[in-house]
Amino acid sequence: MKDRSLAEWNQSTVDPGKSGKEMHELIRKLYPICRSITGDGVRQTLKILQEYVPLSIHEVPTGARVFDWTIPMEWNIRSAYVRDPRGRKIIDFQKSNLHVLNYSVPVQSKVTLEELKAHLYTIPEHPDWIPYRTSYYKENWGFCISHNQLLGLTDGEYEVFIDSSLKNGSLTYGEYLVKGQTDDEILISTHVCHPSLANDNLAGIAIATFLTRYLRPLSTRYSYRFLFTPGGIGSITWLSQNEQQTSRIKHGLVLACLGDSGNITYKKTRLGDAEVDRVVMRALQETGDPHSILDFTPYGYDERQFGSPGFNLPVGCLMRTPHGEFEEYHTSADNLDFVKPEHLSHSFSFCRRVFEILEQNRTYWNTNPKCEPQLGRRGLYSAIGGNADGRLHELALLWVLNLSDGAHSLLDIASQSALSFEKIEKAAEALRKQGLLREQLRSFHG
Ligand SMILES: [Zn+2]
């Protein structure tokens, strides 16, 4: 039963320590699966997520047009290996799914070392790590191995075998809507197309999944739409199939790389000063934790699709260390030890705080705008005068009354007064109870 507001819930039962461990357990379950932009890996992943949240699974057939793109052939893989000239299996997909170039076409052949080398990928700077490489839109096959292993290969005839298939099938994505009091939506999107990589992006998947669990029992103003889509083509597909509904999206976050030890990084929406931008920045500022704010760029994760000019949706991207800026990015070192329960839990709590401020950020009219109302008569001045907290509360009351002219939101008032959002919200709540505020229903068009 939905009977509690988000703020009440946040103050009571959520145990971030416990949720950090549970999210890490989910990541552990999903880690071995070989995901890609299509195929059974994504289906299997979404089925596991259904144990946590009843999300719907959508299939869009190969060949379907989605704006300028076409849903590709579906890729699946059963096994793959390389045998050396002595017949020993020296590279084996069963040991790590990163060993196979993602979307490799099937192959069964004998090749020389030189021929093999043209299909091998390594990272010389990190000679023990296996890189993660893909070839979605160009037919190719290949293996990814450690640089040290490459250096140890001797001349001779190698046997290469990839038992994969590229066939007509479909692209799979997951979607879940937490219904709120209004149809105005907050979009949370995360990609589900990477194989055994933990931070990019099982961390995002785990946090999104646990956010659905957290929001479901609550009574919220907004509806929350969660998308679990393959990166790029998945969000393009969703936007193409749901174009008419996108006007409901009032705020959004793409979640990625949220389990590492770095500080939180927020990449702003294309608009640059959307409400979600100001809310995230306010939440970061108030935590006092070191953090980074980046301007929008048409690169990165699916914020570039949501922020394409034909949609221009207010969707930012929340990360810890951004993609490409941690050494482990797209390598076998982005593993289960690289993401930690405490960082997952911190990212999760931060998302909750962002939602809480978005939920509470309303705009009011002062119902007694001609000179100040008499607060003492209404019991609004603290009984024990003189303490610092009481003075701040009184100051907050005066700011809210003065700026509640239908044009300033509580977030605007917090910024202008240099008081915390929480103080301003508490003052607004006290004034609301006394009938001194009336909500300005919002227009998102102006
Ligand atoms: Zn990636």
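Given the structure is predicted, the values throughout are model-derived calculations rather than measurements. (Residues numbered from 1 in each chain as written. Predicted model: local features only at pLDDT ≥ 70, side-chain atom pairs only at ≥ 80, totals over all residues. Heavy atoms only, no water.)

Here's the deal with the overall build of the protein chain
So, point 1. From N to C terminus, the protein chain includes 13 helices and 19 strands.
So, point 2. Each principal axis of the C-alpha distribution contributes one length, and for the protein chain these read about 95 × 45 × 40 Å.
So, point 3. Considering only intrachain contacts with a sequence separation of at least 6, the fraction spanning at least 24 residues in the protein chain is 80%.
So, point 4. When the accessible surface of the protein chain is totalled, it reaches about 19300 Å², and 49% of it is carbon and sulfur.
So, point 5. In the protein chain, which carries 49 positive and 53 negative side-chain charges, the distance between the mean positions of the two groups comes to 5 Å. (Helix = DSSP H or I, 4+ residues; strand = E, 2+ residues; numbered from the N terminus. Contact = heavy atoms within 4.5 Å. Areas by Shrake-Rupley, 256 points an atom, 1.4 Å probe, with all protein chains shown as cover. Lys, Arg positive; Asp, Glu negative; His and termini not counted. Charge placed at Lys NZ, Arg CZ, Asp CG, Glu CD.)

Considering the packing of aromatic side chains
So, point 1. Within this structure, the stated rule accounts for 12 aromatic pairs.
So, point 2. Aromatic side chains tyrosine 52 and phenylalanine 210 sit 5.8 Å apart centroid to centroid with 55° between the ring planes, which places their arrangement in the tilted category. Remark: phenylalanine 210 occurs in helix H6 (residues 198–215) and tyrosine 52 occurs in the loop between helix H3 (40–49) and strand E1 (56–61); sequence separation between them is 158 residues.
So, point 3. Look at tyrosine 81 and phenylalanine 161: their rings are 5.1 Å apart centre to centre, the planes differ by 35°, and that puts the pair in the tilted class. Taken together, the positions of tyrosine 81 in strand E4 (residues 74–83) and phenylalanine 161 in strand E9 (residues 157–167) put the pair 80 residues apart, joining distant regions of the chain.
So, point 4. Among the residues examined, phenylalanine 161 registers a relative accessible area of 17% and is labelled buried.
So, point 5. Taken together through their ring pairs, the aromatic side chains of Trp69, Trp75, Tyr103, Tyr136 and Tyr137 make up a single cluster.
So, point 6. The ring of tyrosine 81 has arginine 83 sitting right over it, with the charged end atom 4.9 Å from the ring centre.
So, point 7. Looking at lysine 267, its charged tip hangs above the ring of phenylalanine 296, at a distance of 5.4 Å from the centre. (Phe/Tyr/Trp six-rings, centres within 6.5 Å; stacked < 30°, edge-to-face > 60°. Buried < 20%, exposed > 50% of the residue type's maximum accessible area, 1.4 Å probe, protein only. Lys NZ or Arg CZ within 6 Å of the ring centre and 35° of its normal.)

Quick word on the coordination of the zinc ion
So, point 1. Taken together, the protein donors to the zinc ion comprise His194 (NE2), Asp200 (OD) and His330 (NE2), at separations of 2.0 to 2.1 Å.
So, point 2. Mapping the donors of the zinc ion onto the primary sequence gives the spacing H-x5-D-x129-H.
So, point 3. Judged by relative accessible area, which is 10%, histidine 194 ranks as buried.
So, point 4. The exposure class assigned to aspartate 200 is buried, which follows from its relative accessible area of 0%. (Donors = N, O, S within 2.8 Å, 3.2 Å for Na, K, Ca; no water.)

Quick word on helix H7 (residues 233–241)
So, point 1. H7 sits mainly inside the fold: seven of its nine residues count as buried.
So, point 2. Within H7, the full set of buried residues consists of Ile233, Gly234, Ser235, Ile236, Thr237, Trp238 and Leu239.

Regarding the packing of helix H8 (residues 275–287) against helix H12 (residues 410–417)
So, point 1. Contact pair H8 / H12: the axes reach a minimum separation of 11 Å and the direction vectors enclose 45°. In terms of axis orientation, H8 runs oblique to H12. Considering the relative orientation of H8 and H12, their crossing is left-handed. Across the interface between the two elements, Glu275, Arg278, Val279 and Arg282 from H8 touch Leu411, Asp412, Ala414 and Ser415 from H12.
So, point 2. Along the lines of polarity and charge, the residues of the contact of H8 with H12 split into three nonpolar, one polar and four charged. (Axes fitted to C-alpha atoms, helices over the stretch in contact; angles between N-to-C directions. Parallel < 35°, antiparallel > 145°, perpendicular 65-115°, else oblique. Left-handed = near helix turned anticlockwise from the far one by under 90°. Nonpolar A, V, L, I, M, F, W, Y, C, P; charged D, E, K, R; others polar.)

Quick word on the environment of cysteine 351
So, point 1. Examined against the element boundaries, cysteine 351 turns out to sit in helix H10 (residues 341–360).
So, point 2. Apart from residues no more than four positions distant in its own chain, cysteine 351 is found in contact with Ile207, Leu211, Leu255 and Leu318.

A word on H6
So, point 1. Here H6 is 18 residues long and its end C-alpha atoms lie 24 Å apart, about the 26 Å a rise of 1.5 Å per residue gives.
So, point 2. The buried fraction of H6 amounts to 17 of the 18 residues, a majority that puts the element mostly inside the structure. (Expected span 1.5 Å × (residues − 1).)

A few points about the sheet that holds strand E5 (residues 89–92)
So, point 1. Reading across from one edge, E5-E4-E9-E6 is the order of the four strands in this open sheet, with antiparallel pairing throughout. The outermost strands of the open sheet, each flanked by one partner alone, are E5 and strand E6 (107–112). Taken pair by pair, the neighbouring strands of this sheet meet at an average axis angle of 20°, ignoring direction.
So, point 2. In this sheet, E9 lies alongside E4 in antiparallel orientation, the contact comprising nine bridges. (Pairing = 2+ DSSP bridges.)

Re the environment of isoleucine 130
So, point 1. Along the chain, the position of isoleucine 130 falls in the loop between strand E7 (120–121) and strand E8 (143–144).
So, point 2. A C-alpha to C-alpha distance of 39 Å links isoleucine 130 and valine 279, two positions 149 residues apart in sequence.

None of the figures reported here should be taken as evidence of function without further support.
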